[in-house]
Every structure is written in C-alpha cells, then in structure tokens.
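Coordinates in review
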Amino acid sequence: MKRRSDTQVLAYRQDPNMPALLNNIAWLILQTEDPNLHRALDLINKSYELASENDPMFPLSILDTRASDLCKAGTLGRCTGRL
C-alpha cells in the first residue's frame, strides 16, 4: 500500500481539488492503524463539495468513505442524517 499512497500524495500535490483523489486519500487514511479521523473527514467533505452530480462516483463512494470515518469514530449512529 505504500507505493499506492505515495502515488496518491504526488497526484494530490499536483491537483488538490480532484474529488476522486481526495476520497481515495481519505480512504487510505482510514486504513491506517491509527487514522487521523478529523483529516479524513475534512478530505471527504471537500471531495463531496467539489464533486459534480454528473460524476459517476457522486455521491455513493464519497458517502461510503464518510460512513467508514464515522463508524471508526464511533459516531455513525448520531450522524446518519449527515450521510
């Protein structure tokens, strides 16, 4: 996974406003042993804001990543209205 995450970081540095990339980086953060849930949620929210309704990943994959973040944070039950 290290190689994949390095590629994601390089792509992010070139275009930090690509919704799919932001979502993928958030997902990678959530897969780490001690994820930075706040950072992941920031990326997820930015991805959601930037995604076009015509984008095939909108909104399902973004919401899936958001649900993963909320679940890891233990707040999924309180936050289902935000999904």
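In what follows, the accompanying structure is described.

1. With respect to helix H4 (residues 60–73)
- For H4, with 14 residues, the first-to-last C-alpha span of 20 Å sits near the 20 Å given by 1.5 Å per residue.
- Of the positions making up H4, those classed as buried are Ile-62, Leu-63, Thr-65, Arg-66, Ala-67, Ser-68, Asp-69 and Leu-70.
- In the segment just after H4, Gly-74 is the residue with positive phi, at about 75 degrees.

2. Looking at the nonpolar core
- By size, the foremost hydrophobic cluster in this structure holds twelve residues: Leu-21, Leu-22, Ile-25, Ala-26, Ile-29, Leu-30, Ala-40, Leu-43, Ile-44, Ala-51, Phe-58 and Ile-62.
- Breaking this core down by element, the ones donating at least two residues are helix H2 (19–30) and helix H3 (37–50).
- The greatest single-element share of this core, amounting to six residues, is contributed by H2.
- Non-local contacts of Leu-22, meaning those with residues more than four positions away in its chain, are made with Tyr-12, Pro-16, Leu-43, Lys-46, Ser-47 and Leu-50.

3. Some details on the environment of Phe-58
- Position of Phe-58 among the secondary structure elements: in the loop between H3 and H4.
- Not counting the four nearest positions on each side in its chain, Phe-58 is found in contact with Tyr-48, Ala-51, Ser-52 and Glu-53.

4. Quick notes on the environment of Asp-42
- Along the polypeptide, Asp-42 turns up in helix H3.
- Distance in space between the C-alpha atoms of Asp-42 and Ala-26 is 8.4 Å, their sequence separation being 16 residues.

5. Considering H2
- The end-to-end C-alpha distance of H2 is 17 Å, a good match for the 16 Å that twelve residues give at a rise of 1.5 Å each.
- With nine of twelve residues buried, H2 lies mostly within the body of the structure.

6. Remarks on the packing of aromatic side chains
- Following the criterion strictly, the structure yields zero aromatic pairs and no others.
- Against the face of Tyr-48 rests Arg-66, its NZ or CZ located 5.2 Å from the ring centre.

So, how was this worked out
- Positions within a chain are numbered from 1, following the residues in the order the chain's sequence is written.
- The predicted origin of the model limits local features to residues at a pLDDT of at least 70 and limits the giving and counting of side-chain atom pairs to 80 or more, whereas totals for whole chains, interfaces and linings rest on all residues.
- By convention in this description, side-chain values take in all heavy atoms of the structure and omit both hydrogens and water.
- In this description a helix means any DSSP run of H or I spanning at least four residues, a strand means any run of E spanning at least two, and both kinds are numbered starting from the N terminus.
- Multiply 1.5 Å by the residue count of a helix minus one, and that product is the helix's expected span.
- With a 1.4 Å probe rolled over the protein chains alone, any residue whose accessible area is under 20% of its type maximum counts as buried; one over 50% counts as exposed, and the rest are partly exposed.
- Here, nonpolar core refers to any group of buried Ala, Val, Leu, Ile, Met, Phe, Trp, Tyr and Cys residues whose side-chain atoms link them within 4.5 Å.
- Contacts are assigned to residue pairs with any non-hydrogen atoms lying within 4.5 Å of each other.
- In summary, the pairing rule links any two rings of Phe, Tyr or Trp, Trp by its six-membered ring, whose centres are within 6.5 Å, and it sorts them by plane angle into stacked for under 30 degrees, edge-to-face for over 60 and tilted for everything else.
- Counting as a charge over the ring demands two things of the Lys NZ or Arg CZ atom: a distance within 6 Å of the ring centre and an angle within 35 degrees of the ring normal.

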